[in-house]
Amino acid sequence: MDELDLLKKDWKKNEPQFPKISEQEIYGMLHKKSSSIVKWIFIISIIEFIALNSLSFLLPNDFDPKLGWVGTFVHYSDYVSYAVAAFFIYLFYRNFQSISSTSTTKKLMESILKTRKTVTYYIFFNIAYVFLAGLLIIGSQVKMLLIDTHQEMKIVVGASILLLVSLLLILLIVWLFYRLIYGFLLRRLHKNYEELQKIDL
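Here the structure is a predicted model, which is why all the values come from computation and not from measurement. (Residues numbered from 1 in each chain as written. Predicted model: local features only at pLDDT ≥ 70, side-chain atom pairs only at ≥ 80, totals over all residues. Heavy atoms only, no water.)

Trainee: Looking at this structure, I do not really get the overall build of the protein chain. What am I missing?
Mentor: When you go through the protein chain residue by residue, the secondary structure sums to 5 helices and 0 strands. N-terminal to C-terminal, the α/β element order of the protein chain is α-α-α-α-α. For the protein chain, the proportion of its 201 residues judged to be buried stands at 35%. Sequence separation of 24 or more characterises 81% of the internal contacts of the protein chain that already satisfy a separation of 6 or more. As presented, the protein chain carries roughly 13200 Å² of accessible surface, and 68% of it is formed by carbon and sulfur atoms. (Helix = DSSP H or I, 4+ residues; strand = E, 2+ residues; numbered from the N terminus. Buried < 20%, exposed > 50% of the residue type's maximum accessible area, 1.4 Å probe, protein only. Contact = heavy atoms within 4.5 Å. Areas by Shrake-Rupley, 256 points an atom, 1.4 Å probe, with all protein chains shown as cover.)

Trainee: Would you mind going over the environment of leucine 135 with me for this structure?
Mentor: Its location among the elements puts leucine 135 in helix α4 (residues 105-147). Along the sequence, leucine 135 and leucine 164 sit 29 residues apart, while their C-alpha atoms lie 8.0 Å from each other.

Trainee: How do you make sense of the UniProt feature "transmembrane region" (unreviewed entry) in the protein chain when you look at a structure like this?
Mentor: Mapped onto this numbering, the UniProt entry gives "transmembrane region" (unreviewed entry) at residues 37-59, 79-97, 118-139 and 159-181. In the segment residues 118-139, helix accounts for 100% and strand for 0%; the C-alpha atoms at its two ends are 32 Å apart. Taken end to end, residues 159-181 comprises 100% helix and 0% strand; its first and last C-alpha atoms sit 33 Å apart. (UniProt positions renumbered as here; feature names shortened; annotations may be inferred.)

Trainee: I would appreciate a short explanation of the nonpolar core in the present structure.
Mentor: In globular proteins that are soluble, nonpolar side chains generally tend to be buried together. Counting 28 residues, the largest nonpolar core has Ile41, Phe92, Ile112, Val119, Tyr182 and Leu196 as the members making the most contacts within it. Here this core gets 9 residues from one element, more than from any other, and that element is helix α5 (residues 153-200). Ignoring sequence-local partners within four residues, the contact set of phenylalanine 92 consists of Val38, Ile41, Phe42, Ser45, Thr118, Val119 and Tyr122. Of all hydrophobic cores here, the second largest spans 5 residues; its members include Ile138, Val142, Val156 and Leu167. (Core = buried A, V, L, I, M, F, W, Y, C linked by side-chain atoms within 4.5 Å.)

Trainee: Is there a simple way to explain the side chain of asparagine 192 in this structure?
Mentor: Here asparagine 192 is to be found in helix α5. Those residues within four positions of asparagine 192 in sequence are excluded, and the remaining contacts are Leu30, Lys33, Ser34, Ile37 and Ile112.

Trainee: Where do I start with the side chain of serine 35 in this structure?
Mentor: Take serine 35: it is sitting in helix α2 (residues 19-58). Those residues in contact with serine 35 that sit more than four places away from it in its chain are Phe96, Ile99 and Ser100.

Trainee: Quick question: what am I supposed to make of the environment of serine 35 here?
Mentor: On the basis of relative accessibility, which here comes to 12%, the residue serine 35 falls in the buried class. When the C-alpha atoms of serine 35 and leucine 189 are compared, they prove to be 9.4 Å apart, with 154 residues separating the residues in sequence.

Trainee: Would you explain the packing of aromatic side chains in this entry?
Mentor: Aromatic ring pairs: the centre-centre distance and the angle between the two ring planes describe each pair. If you walk through the whole model with that rule in mind, you get 12 aromatic pairs. With centroids separated by 6.1 Å and ring planes inclined at 75°, the aromatic side chains of tyrosine 122 and tyrosine 178 adopt a geometry described as edge-to-face. Of this pair, tyrosine 122 sits in helix α4 while tyrosine 178 sits in helix α5, and the two are 56 residues apart along the sequence. In terms of burial, tyrosine 122 and tyrosine 178 fall into one category: buried. A network of ring pairs unites the aromatic residues Phe87, Phe88, Phe92, Tyr122, Phe125, Tyr129, Phe177, Tyr178 and Tyr182 as a single cluster. (Phe/Tyr/Trp six-rings, centres within 6.5 Å; stacked < 30°, edge-to-face > 60°.)

Trainee: Can you help me understand the environment of alanine 86 in this one?
Mentor: Along the chain, alanine 86 falls in helix α3 (residues 69-101). You can call alanine 86 partly exposed: its relative accessible area is 36%. With 40 residues separating them in the primary sequence, alanine 86 and isoleucine 46 have C-alpha atoms 8.5 Å apart.

Next up, the structure:
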């Protein structure tokens, strides 16, 4: 049982005597906890951004000319993904500032909902980007096998299946990462939202 649960238990026990003060105390604690959660979302997004960019710098940055427009697209879309990620980090910072400075239960609830939506869009964008880029790369690799190496269809089909399974595994790892890190924080934020609803009634 955490500090908030203990405070709620005490509030219910003493509700006839101190309803107003206890309610404000619970709001203050929910405000503090929500602000802390959003701050961690902001910090984790920065760490993720730095880690992924550092990893990309360590990997070869040249793309195979044989990939044609697909290689060009994947190469330059990296810069677009960096820009979008930086934009989301900015939104996370704005959400943190908004929650930290809010002074009413209604505004805090609105800020929590806004933060949850922002994180959901961020996760959706990253997974969709990995999926799209992966499909394009797989398609181009299969095309190269068919045209350049004149491999037997059985080999091409086997390679295609292997590449698709690899892409699905990567997507699963990405989803599990977001589910573990951001999902945990969003569940705590949602719990705070539910507690605020009880106060606001």
